[in-house]
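Here are the chains, one letter per residue:
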Amino acid sequence: MAELVPIRARTLLRRSKLTDGWFLSSCGMNLYRGCEHGCAYCDGRAEAYQIEGDFAGRIEVKENAPELLARELARLPRRGFVLLGGGVCDAYQPAEARHGLARRCLELLAELELPVHVLTKSPLVARDLDLLARIDARARAILSLSVSAVDPEVAALVEPGCAPPEERFRVLEQARARGLATGVMLTPVLPWLSDAPAQLAAAFARARAAGVDFLLVGGLTLKAGRQLEHFLTVLGGAREELVARYRERYPADRFGNPRGGPRLDALALELARRHQLAPRIPHRVFRGVLELAVEAGLVLEGLAALHALGGEPRRAAPLLRAARSLKALREDLRDLVRAGLLAQVPDLDDEARALCLELVETGRCLRYEQGMPDHS
Ligand code: SF4
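Just so we're clear, the structure is a prediction, and the values are computed from it rather than from any experiment.

A. Highlighting the domain arrangement of the protein. Taken domain by domain, the protein comprises domain 1 (3–275) and domain 2 (291–371). Computed over C-alpha atoms, the centres of domain 1 and domain 2 are 28 Å apart. Listed per partner, the contact involves 11 residues of domain 1 and 11 residues of domain 2. A breakdown of the residues in the side of domain 1 that touches domain 2 according to their chemical character gives five nonpolar, three polar and three charged.

The structure is reproduced here in structure tokens:
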């Protein structure tokens, strides 16, 4: 049992200039510092986040988080999904059962009718499905469960404080039964532990059986220093033969990027098509929820992702440039189209302009719908 230390934080929301294409959010929060789940690969251990001491054994509880959230949301420049999760803690780690910070923050977001994306590894989120359904009825709520391996033995090794993957899939089924948009973040996929084609195929099959709307695949990064060394210590205790291979794949790199190794993109796209699971959060999930320029940017980014996964980065690049430009746009996209000023938006080529026009006129993008795997 971890030591829980109440603190009063000065700020809560971390904000980014552009809406993130993976999570659909431009702001998120850490309700705790440290995480009892204690995942061996956790990025939160890296020196960059300045969490000293026992990362999984001493958890700081930001007891004034709901008050901070109320204050900081009032100052947000634009409406978008608020991300509850990610960063340096899991909002539904065991401390949440006692402190209820995530629930209080969701209550506030429900009151304000703001869209929410919850990302967690914990079945404790099932406690708040009523609240997420209420948010979904007025704004939009997405629930993503993160899984690094469907094999329970691998998961127990690298995620010692988490529920087994199967329990996480069952929560997704419950959320789906309530009509929520759901997804799996299959990340980080671990070299030699959970990256075999049969293991990835099993994850896709289980996610499809759970009826989720999307499955995103992400690789492992291990930043030089505490994150890398902790992971290798855990690995060495159970799979010593892999330590040297990991040392070679993950040289002491500041950003933690691997050197070489197989790319998962082609296989991920093939599995996405076979199981009709979108490799990005599908447009139908966020249609009409965000400002139209941001929505258009995310649609273009989704198309770019299909090209990138399919090994065509050159086709992805102009779409990504256009997506960035649209997401940064301050003007209303409809007004620009009506005034015939779309050509003035920087970095939009003919293809991007045509997609924007279609979106403004019909609310849809046929090329996206035809290309994006989706079982709905
Ligand atoms: S659940 Fe997330 S934040 Fe918590 S230890 Fe695992 S990876 Fe880190």
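What follows picks up the thread again.
B. Seen up close, the sheet that holds strand E4 (residues 32–33). Pairing within the open sheet is mixed, and its three strands lie in the order E1-E5-E4. The open sheet has two edge strands with one neighbour each: strand E1 (3–7) and E4. The pairing of E4 with strand E5 (residues 58–62) spans two bridges and is classified as antiparallel. Paired with Arg33 across the two strands is Glu60, which belongs to E5.

C. Up close: the packing of helix H7 (residues 197–209) against helix H10 (residues 265–275). Close contact between H7 and H10 brings their axes to 10 Å; oriented N to C, the two are set at 35°. Considering how the two elements wind past one another, H7 and H10 form a crossing that is right-handed. Between H7 and H10, the contacting residues are Pro197, Leu200, Ala201, Phe204, Ala205 and Arg208 on the first element and Leu267, Leu271 and His275 on the second. Partitioning the contact of H7 with H10 into residue classes produces seven nonpolar, one polar and one charged.

D. Layout of the sheet that holds strand E6 (residues 81–84). Here seven strands make up an open sheet; going across it, the order is E2-E3-E6-E7-E8-E9-E10 and the pairing mixed. Here the strands that pair on one side only, and so sit at the sheet edges, are strand E2 (13–15) and strand E10 (214–219). Taking each pair of neighbouring strands and ignoring which way they run, the sheet shows an average axis angle of 25°. Here four bridges tie strand E3 (residues 25–29) to E6, and the two strands are oriented parallel to one another. Of the residues in E6, the one forming a bridge with Cys27 is Val82.

Conventions we followed
Within each chain, residues carry numbers counting from 1 in the order of the written sequence. The predicted nature of this model means local features are confined to residues of pLDDT at least 70 and side-chain atom pairs, given and counted, to a pLDDT of 80 or more, with totals for whole chains, interfaces and linings taken over all residues. Domain delimitation follows an automatic or database domain assignment. We call two residues in contact whenever the C-beta atoms placed from their backbones are within 7 Å. Each residue is assigned to one class: nonpolar for Ala, Val, Leu, Ile, Met, Phe, Trp, Tyr, Cys and Pro, charged for Asp, Glu, Lys and Arg, and polar for all the others, Gly among them. Think of it this way: DSSP has to see at least two bridges between two strands before they count as a pair. Strands are runs of DSSP state E lasting at least 2 residues, helices are runs of H or I lasting at least 4, and numbering of each runs from the N terminus. Helix axes are fitted to C-alpha atoms over the stretch in contact, other axes to C-alpha atoms as well, and angles between N-to-C directions run from 0 to 180 degrees. In a left-handed crossing the near helix is turned counterclockwise from the far helix by less than a right angle, and in a right-handed crossing that turn is clockwise.

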